[in-house]
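Residues per chain, in single letters:
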Amino acid sequence: MTTGETKGQAAHVVVLGTGGTIAGRAPAAGDNVGYTAGEVGVSDLIDGLEVPGVALSAEQVANIDSKDMDVGVWQVLAARCAHWLAQDEVTGVVITHGTDTLEETAFFLHEVLAAFKPVVLTCAMRPASALVPDGPQNIRDAVVLAATPGVRGVTVVCAGTVHGALDVQKVHPYRIDAFSSGDMGPIGYMEEGQLRQARNWPAAPEGQAQAAMKKIASAVAWPRVEIVTSHAGAGAALVDLLVREREAGAADAVQGLVVAATGNGTVHASLEQALLRAQAAGIRVVRATRCAVGQIVPGARHTLPDAGALSPVKARIALMLSLMQG
């Protein structure tokens, strides 16, 4: 559906719906946790929304709980983003999304889209049926951001804060302002329909993104990459099992492993030895820190490559895309 007329408008923003809490319904208006995600269509979410000087179009890509997000939805979503971004009359794209895996989708899109126009993901911590839903304001902020001249790259808007796809992370399971950009801080803030910018927009990885997009557009099977965690008492059994599956020729054998490491990328000795065996068997291994803030500082004693500032879930996506490109 379309709200307003494109003719004579200064901007045209396409809103892609994928479901999530923002599209959820609960049995009672006072229930903010017992809801079913992905029940309200994106056309209904933007029905009645009016942003002066902006025409809105809506398209339903999926309608799922984002905990169930998968590469199939990512594949379709990336293709639809690329389609709309290529249209001269489209100023930007907004994506309504669940909060649980929003940071993963944002990072994935950052890696595969040469987004010289804005791609803005937004969300809600309360369902659409809540007494005071937070979704409508978040959608409005996202639309305003996507229509603002000079904005580019993949960003996230939640609770009036603009985060970059590389840095954003969900840090609270219930609070309305559930996201953080860690050490880097937010890109900016949405205040009464205006952007107050604090730092530069995320740089679009043009050449890398174009190569990745070609691969995922035709991909039937994606590389299997798993995350293992280093912790007190961590052992070798799980990693050794995955290596044995690979050596047995299993069709869905793991191709990559990300270890959620302690502190500055340290790994329990038993687990580290198993990961070195996995690496010797041809499995790509990368370390990422469990710490919510900061990045791994390389050291001479580290025997496995690190993911720098990427969280374990983002490092997994980066490794998947790397494996796809050979």
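Residues numbered from 1 in each chain as written. Predicted model: local features only at pLDDT ≥ 70, side-chain atom pairs only at ≥ 80, totals over all residues. Heavy atoms only, no water.

Next up on the list: the overall build of the protein. The secondary structure content of the protein amounts to eight helices and 14 strands. Taken over the C-alpha trace, the protein has a radius of gyration of 21 Å; the compact-globule value for 326 residues is 20 Å, and the two agree within 12%. Projected onto its principal axes, the C-alpha coordinates of the protein cover approximately 60 × 45 × 40 Å. Counting every position in the protein, which comprises 326 residues, the buried fraction comes to 50%. When contacts within the protein are restricted to residue pairs at least 6 apart in sequence, those whose partners lie at least 24 apart make up 73%. For the protein, the accessible area works out to roughly 14200 Å², and carbon and sulfur atoms hold 51% of it. Considering the protein, the positive charge centre built from 24 side chains and the negative charge centre built from 31 side chains are found 6 Å apart. (Helix = DSSP H or I, 4+ residues; strand = E, 2+ residues; numbered from the N terminus. Rg over C-alpha atoms; globule rule 2.2 N^0.38 Å. Buried < 20%, exposed > 50% of the residue type's maximum accessible area, 1.4 Å probe, protein only. Contact = heavy atoms within 4.5 Å. Areas by Shrake-Rupley, 256 points an atom, 1.4 Å probe, with all protein chains shown as cover. Lys, Arg positive; Asp, Glu negative; His and termini not counted. Charge placed at Lys NZ, Arg CZ, Asp CG, Glu CD.)

Within the fold, Val42 resides in helix H1 (residues 42-45). Residues Val42 and Arg152, spaced 110 residues apart in sequence, show a C-alpha to C-alpha distance of 23 Å.

Let us look at the nonpolar core. By size, the foremost hydrophobic cluster in this structure holds 52 residues, and its most contacted members are Phe108, Leu109 and Val119. Residue contacts for Val119: discarding those within four places in its chain leaves Cys81, Leu85, Val93, Ile95, Leu109, Leu113, Gly153, Val154 and Thr155. Formed by 30 residues, the second largest nonpolar core is a distinct cluster that contains Val13, Val40, Leu49 and Val51. (Core = buried A, V, L, I, M, F, W, Y, C linked by side-chain atoms within 4.5 Å.)

Residues Thr161 and His163 point to one face of strand S7 (residues 161-164) and Val162 and Gly164 to the other, with burial holding for every one of them. Two strands pair when backbone bridges link them, and strand S6 (residues 153-158) and S7 are joined in this way by four bridges, in the antiparallel orientation. Among the inter-strand pairings, Val157 is bridged to a residue of S7, identified as Val162. Linking S6 back to S7 in an antiparallel pair, the connection comprises two residues, with Ala159 at a positive phi of about 55°. (Pairing = 2+ DSSP bridges.)

Let's shift gears to the pattern of salt bridges. Within this structure, the stated rule accounts for nine salt bridges. The partner of Glu59 in a salt bridge is Arg80, and the shortest N-O contact between them spans 2.7 Å. Within this pair, whereas Glu59 is found in strand S3 (residues 54-64), its partner Arg80 is found in helix H2 (residues 71-85), the two being separated by 21 residues in sequence. Where Glu226 meets Arg224, a salt bridge forms, and the shortest distance between an N and an O atom there is 2.9 Å. One connected set of salt bridges, linked through shared partners, spans Arg224, Glu226 and Glu245. (Salt bridge = Lys/Arg side-chain N within 4 Å of Asp/Glu carboxyl O.)

The next thing to look at is the sheet that holds strand S12 (residues 225-229). In spatial order, the strands read S12-S13-S14; together these three strands make up an open sheet with parallel pairing. Only two strands of the sheet have a single neighbouring strand rather than two, namely S12 and strand S14 (284-289). Pairwise comparison of adjacent strand axes, ignoring direction, gives a mean angle of 25° for this sheet. Of the strand pairs in this sheet, S12 and strand S13 (residues 256-261) are connected by five bridges, and their pairing is parallel. For Ile227, the partnering residue across the bridge sits in S13 and is Val258. Those strands touched by helix H7 (residues 269-280) are S12, S13 and S14, and its axis lies near 160° from that of S13. On the sheet, helix H8 (residues 312-324) packs against S12, S13 and S14 and is oriented at approximately 160° with respect to S13. (Axes fitted to C-alpha atoms, helices over the stretch in contact; angles between N-to-C directions.)

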